[in-house]
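# Structural features, examined
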2 protein chains.
Amino acid sequence: MSQTVDRALSILPLLAEGPADLGQVADRLGVHKSTALRLLRTLNEHGLVYRQSDQRYRLGARLFALAQEAVENLDVREIAHPHLVRLNESCGHTVHLAVYEDGEVLYIDKVESRYPVRMYSRIGKPVAITVAAVAKLLLADLPEAERRAVAEGLDYPRYTARSTPDASAFLKELATVREQGWATDLGGHEESINCVAAPVRGADGRVAAALSVSAPNVVVTAEELLTLLPLVRRTADAVGRDYSGQAPTPDDPKE
Amino acid sequence: MSQTVDRALSILPLLAEGPADLGQVADRLGVHKSTALRLLRTLNEHGLVYRQSDQRYRLGARLFALAQEAVENLDVREIAHPHLVRLNESCGHTVHLAVYEDGEVLYIDKVESRYPVRMYSRIGKPVAITVAAVAKLLLADLPEAERRAVAEGLDYPRYTARSTPDASAFLKELATVREQGWATDLGGHEESINCVAAPVRGADGRVAAALSVSAPNVVVTAEELLTLLPLVRRTADAVGRDYSGQAPTPDDPKE
DNA sequence: CGACGCGTTGCATCATATGCAACGCGCGTT
DNA sequence: AACGCGCGTTGCATATGATGCAACGCGTCG
């Protein structure tokens, strides 16, 4: 909508591919060098791009800060975190929390073993949206039209023999998932990894997030993992209750 | 330099404080609502802001992706990582890698115990620049003028009794550090934590990064930690050699 | 020593961002 | 139920501010 800003922001993904010099940026944008220079300078002042010693530009440190603060604003995460920890303590396996946004599914929290690690490393990387149990739950809840549009716009990589092969299979799976209210990924992403997931519903009944438990089948078989389903669902429901009894100040649950 | 872009980018830190609606954004920017709307729309198209269901805006998912890619472009990290792991295996303590950028010091990698955890959680958050051993090394190497400017622009929080109290003490410490070629933080940030750090020098001899070993003094005393100094320095030198024997394709070190 | 490549600057032009005013809509109030 | 307020949205005339050009500085390579 705003050409200047549009151009400036187009520089960011461009630099994400690697450092570039002024000429390269100007060429890729299709603008004059002096224009690119001014845009880069502005981005630079805001810390979004950094000028390294060889004069080339790369993405800047402020991006980290912003991403950091962005994730901290996701209040589902805050509310859910203690529940994830408890769930992990009960079963010992890896626990993930994910949300849907703009055609993507993002992990926004993770608890592994006893080490509560903010798994920022996964955030931003494309989740295996066609196979991940949490993705199925989040997509299954989209309005019909959007669901179809998203499903048909996806690639369906064959991670394993059990990966979802195409859009129609995926939509069918989503229908099942919506029906039953939980989802699994049995070796669809990595041959030896299974997951069970359950939806976190907000006050409006829509799926606000999804949480999952994952384990390699050398530790527990898929059948054993499925026995955790009630626990997973109970946890997800508990999160949903906390979340929709929406306390902007969740430290004061009374009143 | 570019007013439009400048305004648009100013929205990001604003939203980092929390979700905001159109009116709030327009007010904070001091522009008309319609202007703010167009800027937000442009940011939205690029995924930097997200419009949540209550119509308010918050930071978007693309930020995660960009931050992710940005960190992957920091090639010091890639080159250094195996060294950090080896250092950790030798001594068992937490190992950090940090760089300086634009008045800030950032941790860009971390290895703890036997768990190779990407410490993205620290990235973007302000490092305790006035006391951290790595920060001292990175700042000590800045050109005189910039070093003074940075040092005098800092706050000097008294984390502990041994925190650096003010700019002049800090500059003095930096001089010492530059002289001796290594640095420590003995309880300057947290009473019971000590660090030793050494600089990673690039081909030009400048300090490109710094790495440190940290341990609580209930595990090892400061004196014992200091015995690791030769190992830390050797590791940092090794990273520097790898780094300045710059192989853009570090998997093929011959030729 | 000359020429090229690259980043940088000042400036005239006009494309483009801006603010205004009016509209639509949902929600709480009377 | 009707009204009015608040908020987001749209179209448009204006002039501000972004654009590309041409010229310059500077370092490097031939």
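Each remark here, short or long, concerns the structure printed above.
Since we're looking at a predicted model, the values are computed, not measured. (Residues numbered from 1 in each chain as written. Chains lettered and ligands numbered in written order. Predicted model: local features only at pLDDT ≥ 70, side-chain atom pairs only at ≥ 80, totals over all residues. Heavy atoms only, no water.)

## Topic: the protein's contact with DNA strand D
The criterion, for reference: Put simply, a residue is near a molecule or strand once any heavy atom of it comes within 4 Å of that molecule or strand. Distance and chemistry together define a polar contact, namely a pair of N or O atoms within 3.5 Å, with one atom able to donate a hydrogen and the other to accept it when in protein, and with adjacent residues in sequence counting only for side-chain atoms on both sides. Under the DSSP-based scheme used, a helix requires at least four consecutive residues in state H or I and a strand at least two consecutive residues in state E, with every element numbered from the N terminus. The nonpolar class holds Ala, Val, Leu, Ile, Met, Phe, Trp, Tyr, Cys and Pro. Asp, Glu, Lys and Arg form the charged class, and all remaining residues, Gly among them, are polar.
Surrounding DNA strand D, one finds 20 residues, the nearest of these being Thr35(A), Arg38(A), Gln3(B), Arg41(B) and Arg51(B). Counting only the atoms of DNA strand D that lie within 4 Å of the protein, the sugar and phosphate share comes to 73%. Measuring from a phosphate oxygen of DNA strand D, one finds a backbone N or O atom of Leu22(B) at 3.1 Å. Within the backbone of Gly23(B), an N or O atom sits 3.2 Å from a phosphate oxygen of DNA strand D. Going through the elements one at a time, α1 (3-16) and α3 (33-45) of chain A together with α1 (3-16), α2 (22-29) and α3 (33-45) of chain B are the ones with two or more residues in the surface near DNA strand D. Here the surface near DNA strand D takes 4 residues from α3(B), the largest share from any one element. Of the residues contributing to the surface near DNA strand D, the split by class is 4 nonpolar, 10 polar and 6 charged.

## Concerning the interface of chain A and chain B
Where we set the bar: Pairs of residues are marked as contacts when any of their non-hydrogen atoms sit within 4.5 Å. The term buried area refers to how much accessible surface (probe radius 1.4 Å) is lost by two components on association, counted for both of them together. Salt bridge criterion: a side-chain nitrogen from Lys or Arg within 4 Å of a carboxyl oxygen from Asp or Glu.
Listed per partner, the contact involves 51 residues of chain A and 51 residues of chain B. Area buried by chain A at its contact with chain B is led by Met1(A), Phe64(A) and Glu101(A), which between them contribute 14% of it. Scanning the region where chain A abuts chain B turns up 2 salt bridges. A salt bridge links Arg58(A) to Glu101(B); the nearest nitrogen and oxygen atoms lie 3.1 Å apart. Applying the counting criterion to the chain A and chain B interface returns 8 residue pairs in polar contact (both at pLDDT 80 or more). When grouped by side-chain class, the residues that make up the side of chain A that touches chain B number 27 nonpolar, 11 polar and 13 charged.

## Structural notes on the relation of the copies chain A and chain B
Definition in use: Only residues with pLDDT of at least 70 in both copies count here: their C-alpha atoms drive the least-squares fit that superposes the copies.
Here chain A sits on chain B after a turn of 180° about the axis and a move of 0.1 Å along it, with an RMSD of 0.2 Å. Taken together, the turn and the small shift mark the pair as related by a two-fold rotation axis. Taking the C-alpha atom as reference, chain A places Val5(A) closest to the rotation axis, 2.4 Å from it. Comparing contact sets, 100% of the residues at the interface of chain A also lie at the interface in chain B, consistent with an isologous, same-surface contact.

## Let's talk about the protein's contact with DNA strand C
Near DNA strand C you find 19 residues, and of these Thr4(A), Arg41(A), Arg51(A), Thr35(B) and Arg38(B) are the closest. Those atoms of DNA strand C that come within 4 Å of the protein belong to sugar or phosphate at a rate of 74%. Within the backbone of Leu22(A), an N or O atom sits 3.2 Å from a phosphate oxygen of DNA strand C. In the model, a sugar or linking oxygen of DNA strand C is placed 3.5 Å from a nitrogen or oxygen of the Thr4(B) side chain. Mapped by element, the contributors of at least two residues to the surface near DNA strand C are α1, α2 (22-29) and α3 of chain A together with α1 and α3 of chain B. Here the surface near DNA strand C takes 4 residues from α3(A), the largest share from any one element.

## What about the packing of aromatic side chains?
Residue and element names in this part refer to chain A. What counts is decided by this rule: When the centres of two rings from Phe, Tyr and Trp lie within 6.5 Å, Trp using its six-membered ring, the rings pair. Their planes under 30 degrees apart give stacked, over 60 give edge-to-face, and anything left gives tilted. We call a residue buried when its accessible area falls under 20% of the maximum for its residue type, exposed when it is over 50%, and partly exposed in between, using a 1.4 Å probe and counting protein chains only.
As enumerated under the stated definition, the model contains 2 aromatic pairs over all chains in all. Here Tyr 156 and Phe 170 contribute two aromatic rings whose centre-to-centre distance is 5.8 Å and whose plane-to-plane angle is 70°, an arrangement assigned as edge-to-face. Here the residue Tyr 156 occupies a position in the loop between α7 (144-153) and α8 (167-180), and Phe 170 occupies one in helix α8, the gap between them amounting to 14 residues. Judged by its relative accessible area of 14%, Tyr 156 is buried. A relative accessible area of 0% places Phe 170 in the buried class.

## Looking at unusual backbone geometry
All names here are of chain B. Phi is positive for Gln 55, which is not a glycine, with a value near 75°. Mapped onto the elements, Gln 55 comes out in the loop between β1 (49-51) and β2 (57-59). Positive phi, normally seen in glycine, also occurs at Asp 102, with a value near 55°. Positionally, Asp 102 belongs in the loop between β3 (94-101) and β4 (104-111).

## A closer look at the sheet that holds strand β5 (residues 183-186) of chain B
All names here are of chain B. For clarity, the threshold we go by: For two strands to be treated as a pair, DSSP must find at least two bridges joining them. To get an axis, fit a line to the C-alpha atoms, keeping to the stretch in contact for a helix; angles then go from 0 to 180 degrees between the N-to-C directions.
Pairing in this open sheet of 5 strands is antiparallel, and the strands run β4-β3-β7-β6-β5 from one edge to the other. Both outer strands of the open sheet, β4 and β5, are each paired with one neighbouring strand and no more. Averaged over all neighbouring strand pairs, the angle between strand axes comes to 25°, with direction disregarded. Inspection of the sheet shows β5 paired to strand β6 (residues 193-201) by 4 bridges, in the antiparallel sense. Residue pairing for β6: Ala 183 is matched across the bridge by Ala 197. Set on the sheet, helix α5 (residues 75-91) makes contact with β3, β4 and β7 (207-216); between it and β4 the angle comes to about 55°.

## Re the pairing of β6(B)
Residue and element names in this part refer to chain B. Burial analysis of β6 places 7 of its 9 residues in the buried class, the great majority of the element. The pairing of β6 with β7 spans 9 bridges and is antiparallel. For Asn 194, the partnering residue across the bridge sits in β7 and is Ala 215. Hairpin geometry of β6 and β7 is characterised by an intervening segment of 5 residues between the two adjacent antiparallel strands and by a positive phi of about 85° at Gly 205.

## Some remarks on the pattern of salt bridges
All told, the structure shown has 16 salt bridges over all chains when counted by the stated rule. Between Glu152(A) and Arg148(A) there is a salt bridge, and its shortest N-O distance comes to 3.4 Å. Of this pair, Glu152(A) and Arg148(A) both sit in helix α7, 4 residues apart, roughly one helical turn. A relative accessible area of 51% means that Glu152(A) is categorised as exposed. Judged by relative accessible area, Arg148(A) falls into the partly exposed class, the value being 41%. With a shortest N-O distance of 3.1 Å, Glu173(B) and Lys136(B) are connected by a salt bridge.

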